[in-house]
Amino acid sequence: MRRAFTLIEVIVMVTIMAILVTVVATTLLQRFGAAKSSLAKTGAARLNAAMQNYLIDQGLSVPPSDFDFEVLTLRPSDGGGPNGPYINNLDDLNDPWGNPYFIDIPPKVNLTWDITSYGEDGAPGGEGPNADVTN
């Protein structure tokens, strides 16, 4: 008599494995999206700190309405602040999805200004990984 798996046993095992892989993959993707959102919040906070240093050096309390984050990457001789550059890498001006951060004046969340990432889709609003991240 030969000992082997029957076709039904193989089908049941493959089905169980497929269900497990689906559950694990879904959980990992959700965690990965949450990690990017957290990273976007951290990036916005760093950008906010750099902008505050720039404004202090310039003697301003709020940025002008046409403020461009790229001025934070310039040396004083190139038109940046007296202690610039405040950010060393142009990539820091983009969120983890590669979209630019935006500044909102007047703000919707904070008292002076908001720095916002529009999430994975790069559009205002959304839920999950597409949700806006504001600092």
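Each remark here, short or long, concerns the structure printed above.
Since this is a predicted model, take the numbers as computed values, not measurements.

Asker: Explain the pattern of salt bridges to me, and be specific about the residues and the numbers.
Answerer: Counted under the stated rule, the structure contains 1 salt bridge. When the shortest N-O distance is used, the salt bridge between D92 and R46 registers 3.7 Å. Here D92, found in the loop between α1 (7-58) and β1 (102-104), pairs with R46, found in helix α1; they are 46 residues apart in sequence, far enough to count as distant. On the basis of relative accessibility, which here comes to 28%, the residue D92 falls in the partly exposed class.

Asker: I'd like a rundown of α1, residues and numbers included.
Answerer: With 52 residues, α1 should reach 76 Å at 1.5 Å per residue; the first-to-last C-alpha distance of 76 Å fits that figure. Those residues of α1 not exposed but buried are G33, S37, A40, G43, A44, L47, N48, A50, M51, Y54 and L55. Among the structural elements, β1, β2 (114-117) and β3 (133-134) are those in contact with the buried residues of α1.

Asker: Describe in detail the side chain of T116, supporting the description with residues and values.
Answerer: Here T116 is to be found in strand β2. A residue is classified by how much of its surface remains accessible, and T116, at 3% relative accessible area, is buried. At a separation of 3.3 Å, a polar atom in the side chain of T116 contacts the side chain of D104. Here the side chain of T116 touches T134 through a polar contact of 3.3 Å, side chain to side chain. The contact partners of T116, leaving out residues within four places of it in the chain, are P100, Y101, F102, D104, D132, V133 and T134.

Criteria and cut-off values
Residues numbered from 1 in each chain as written. Predicted model: local features only at pLDDT ≥ 70, side-chain atom pairs only at ≥ 80, totals over all residues. Heavy atoms only, no water. Salt bridge = Lys/Arg side-chain N within 4 Å of Asp/Glu carboxyl O. Helix = DSSP H or I, 4+ residues; strand = E, 2+ residues; numbered from the N terminus. Buried < 20%, exposed > 50% of the residue type's maximum accessible area, 1.4 Å probe, protein only. Expected span 1.5 Å × (residues − 1). Contact = heavy atoms within 4.5 Å. Polar contact = N/O pair within 3.5 Å; in protein donor to acceptor, adjacent residues only side chain to side chain.

Fair warning: the whole summary comes from geometry, so function is off the table for now.
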